[in-house]
Amino acid sequence: MEFSIKSIGPDNAGKQAGRKAGNQTGIKAGSDWARHKCDCIVAGVFDSRRLSAPAQALDKAAGGHLSGILRHGDMDGKSGATLLLHDVPGIAAGRVLLVGLGKETEFGDKAYRDAIAAALRALKNTGSKNLLITLSALPVAGAARHGAAWRVRQGALVSHETLYRSDQLKSKQDDAGPVFAAIAFAVAAEEARAANAGLAQGVAIAEGANLTRELGNLPANICTPTYLAQRAQKLAKECKLKCETLDRERMEKLGMGALLAVARGAHQPPRFIVLQYQGGKPKEKPVVLVGKGITFDSGGISLKPGAEMDEMKYDMSGAASVLGAFRALAAMKLPLNVVGLIPSTENMPGGNATRPGDIVTSMSGQTIEILNTDAEGRLILCDALTYAERFEPDCVVDVATLTGACVIALGGAASGLLANDERLAGELLEAGQISGDRAWQLPLWDDYQDMLKSNFADIPNISGGRAAGTITGACFLSRFTKKYRWAHLDIAGTAWRSGREKGSTGRPVPLLTHFLLKRAGKL
Ligand code: BES
Ligand code: MN
Ligand code: ZN
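Below you will find a few notes about this structure. (Residues numbered from 1 in each chain as written. Chains lettered and ligands numbered in written order. Predicted model: local features only at pLDDT ≥ 70, side-chain atom pairs only at ≥ 80, totals over all residues. Heavy atoms only, no water.)

Here we look at the coordination of the zinc ion (ligand 3)
The protein atoms that coordinate the zinc ion (ligand 3) are K292 (NZ), D297 (OD), D315 (OD) and E376 (OE), at distances of 2.0 to 2.4 Å. Taken together, the six donor atoms surrounding the zinc ion (ligand 3) define angles of 79 to 175 degrees at the centre, an arrangement classified as octahedral. Linear spacing of the donor residues for the zinc ion (ligand 3) on their chain is K-x4-D-x17-D-x60-E. Residue D315 is classed as buried on the basis of its relative accessible area of 2%. (Donors = N, O, S within 2.8 Å, 3.2 Å for Na, K, Ca; no water. Tetrahedral: all angles 85-135°; square planar, octahedral: opposite > 155°, others 65-115°. Buried < 20%, exposed > 50% of the residue type's maximum accessible area, 1.4 Å probe, protein only.)

Structure (structure tokens):
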């Protein structure tokens with residue numbers, strides 16, 4: 001699927017139409033739209049029955065054909081509605097797809113994304129291969145950050161997300177080749193530069209998220225810690241990253257007793273992946289991204305109930321998002337230094353598995369009473385967080401499907417965010433807001449720290465009750481992050497969807513990459 005920018009130049013013939021629509025993008029919508037040859041032009045209609053500026057220009061070229069259809073009541077402009085028209089007179093494209101945008105005054109981030117997704121879904125099985133989407137030329141509510149670069153970046157992200165297929169492991173693939181060959185996003189001529197930059201970023205991020213989706217969806221019998229390490233090595237080769245993978249012996253030497261306690265029950269050997277991207281000055285302190293890489297979480301001896309246990313193959317989504325972010329980061333060649341750390345193992349029961357009550361020594365030296373072997377994410381992360389110290393990081397962000405409680409608190413809309421530094425938290429919240437891959441902050445007050453008390457070790461791995469589960473999980477991690485600025489993203493609710501639409505979302509790659517883009521001064 002090829003993306004491009006189609007900028008529409010000034011055209012006196014269309015001046016009127018552009019002004020009438022209250023067009024703020026500076027587009028002099030004209031006959032350019034109508035002359036553009038492709039399989040389908042996508043044009044928006046506001047609720048109720050108001051043509052957007054590009055749609056007005058098409059309507060003018062078509063001698064009022066579109067407004068006639070609206071008058072007949074075939075399309076009211078409600079969000080999600082679509083109407084496909086063939087052989088519209090005066091229009092070079094074979095088809096025009098009208099898509100409902102909802103109320104013009106409420107046309108913001110979500111309405112914009114939803115409209116593109118609805119259009120692509122409507123065109124999936126129509127035989128249209130080359131599209132021109134004019135929605136990207138519309139003003140989107142939400143101040144300067146929703147300029148042309150934003151609209152096009154989001155366009156690329158939404159397109160990949162909507163069209164992603166996961167049929168690799170079916171004996172017959174659903175269809176050969178991509179659904180669409182080429183998608184062009186329309187913008188005004190003076191926006192072309194910004195739009196092209198936004199498009200390159202959007203494609204890089206979307207391809208990063210695709211890697212995350214692919215790895216997330218792979219079953220645990222294929223996506224083992226060894227497999228993840230191999231994929232990291234492959235990525236490093238393709239993107240010129242440094243990659244090192246540590247085996248059990250190295251972890252023992254490093255004293256990673258918490259990580260190794262989780263790995264005990266598994267037959268698959270654990271791996272610790274270290275990725276390094278050097279785009280900044282040699283002495284510049286790196287951002288360290290840490291991803292939870294539990295390739296299957298059975299709960300261990302504290303075995304999980306059977307229902308939906310298959311979804312615990314997604315427990316490596318944090319790891320997959322770090323790999324996806326690195327892919328995007330390298331493609332965008334950002335001037336930053338970034339380190340990726342991925343502790344990876346299965347969490348399985350077995351005769352050699354860690355028992356509830358066992359006490360182990362973490363790499364930090366702190367002893368941990370493992371009261372519940374299902375609280376394993378924090379055990380592998382704490383050793384990775386200690387390992388992070390050696391990079392003298394500017395900041396560390398860990399990404400983990402850490403707690404079921406986070407799914408209860410925030411559902412699929414936002415990832416949980418907890419941090420020991422408010423500025424870092426603010427950066428991540430903003431990156432989530434801009435990318436549409438949002439996070440919501442929870443407190444990390446000392447009141448909650450008191451809930452983690454063990455009679456026999458320095459710290460227990462659970463608090464004992466179910467209250468504030470996401471926060472107590474983060475409190476545990478915070479005991480290992482005292483030496484640097486740190487934030488934790490709990491992605492238990494956002495990394496994948498359950499039920500009929502089951503599949504990895506590729507989140508939080510958009511959030512992470514926007515965070516890095518902003519730091520690199522590219523946003
Ligand atoms: N991987 C799970 C968290 C999870 C559960 C994510 C369900 C998404 C859906 C994690 O390892 C876990 O089991 N957490 C426990 C912690 C508890 C034992 C303190 C949980 O949330 O139940
Ligand atoms: Mn668990
Ligand atoms: Zn887990």
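So, the site of ligand 1
Within the structure, ligand 1 sits among 16 residues, and K304, D315, D374, E376 and G404 are positioned closest to it. D315 has a polar side-chain atom sitting 2.8 Å from a nitrogen atom of ligand 1. Protein chains bury 75% of the 510 Å² of accessible surface belonging to ligand 1 in isolation. Among the detected pockets, ligand 1 sits in the second largest pocket. Class assignment of the residues belonging to the shell around ligand 1 gives a composition of five nonpolar, four polar and seven charged. (Near = heavy atom within 4 Å. Polar contact = N/O pair within 3.5 Å; in protein donor to acceptor, adjacent residues only side chain to side chain. Areas by Shrake-Rupley, 256 points an atom, 1.4 Å probe, with all protein chains shown as cover. 1 Å grid on protein atoms, 1.4 Å probe; cavity = no way out; pocket = protein on both sides within 12 Å on 5 of 7 lines; lining within 4 Å. Sits in = over half its atoms within 2 Å of the grid points. Nonpolar A, V, L, I, M, F, W, Y, C, P; charged D, E, K, R; others polar.)

With respect to empty space enclosed by the protein
Under the defined criterion, the tally for this structure stands at two cavities of 30 Å³ or more. Considered as a void within the structure, the largest cavity measures approximately 70 Å³ in volume. Every residue lining the largest cavity is listed: A261, V262, G265, G300, N347, M348, A353, T354, I370, T373 and L379. Tallied by class, residues from the lining of the largest cavity come to six nonpolar, five polar and no charged. Estimated volume of the second largest cavity: approximately 50 Å³. (Points joined across faces, edges and corners; volume = space filled by probe spheres on them.)

Section: the coordination of the manganese ion (ligand 2)
Each protein donor to the manganese ion (ligand 2) is listed here as D297 (OD), D374 (O), D374 (OD) and E376 (OE); together their distances run 2.1 to 2.2 Å. Linear spacing of the donor residues for the manganese ion (ligand 2) on their chain is D-x76-D-x1-E. Between the manganese ion (ligand 2) and the zinc ion (ligand 3) the interatomic distance comes to 3.2 Å, and D297 is a ligand of both metals.

A short note on the layout of surface pockets
Taken as a whole, the second largest pocket holds about 1000 Å³ of empty space. As for the second largest pocket, its lining consists of 34 residues, of which K304, D374, T403, G404 and A405 are closest to the centre. The set of elements that each furnish at least two residues to the lining of the second largest pocket consists of α12 (377-388), α13 (404-410) and α16 (469-478). Broken down by element, the lining of the second largest pocket gets its largest block of residues, four residues, from α13. Residue composition of the lining of the second largest pocket, by class: 12 nonpolar, 12 polar and 10 charged. (Helix = DSSP H or I, 4+ residues; strand = E, 2+ residues; numbered from the N terminus.)

Details of the pairing of strand β5 (residues 95-103)
Burial analysis of β5 places eight of its nine residues in the buried class, which makes it a mostly covered element. Both strand β4 (residues 82-86) and β5 contribute to a ladder of five bridges, which runs antiparallel. Residue pairing for β5: L85 is matched across the bridge by V96. (Pairing = 2+ DSSP bridges.)

Quick word on helix α5 (residues 109-123)
Its 15 residues give α5 an end-to-end C-alpha distance of 22 Å, which sits within 8% of 21 Å, the value for a rise of 1.5 Å per residue. In terms of burial, α5 is largely enclosed, as 11 of its 15 residues are buried. Within α5, the full set of buried residues consists of D109, A111, Y112, R113, A115, I116, A117, A118, A119, L120 and L123. (Expected span 1.5 Å × (residues − 1).)

Looking at the sheet that holds strand β18 (residues 459-460)
Taken together, three strands build an open sheet; the order of strands is β13-β14-β18 and the sheet is mixed. The sheet is open, and its two borders are formed by β13 (358-361) and β18, each paired with just one other strand. The pairing of strand β14 (residues 367-370) with β18 spans two bridges and is classified as parallel. Bridge assignment links I368 to a residue of β18, and that residue is I459.

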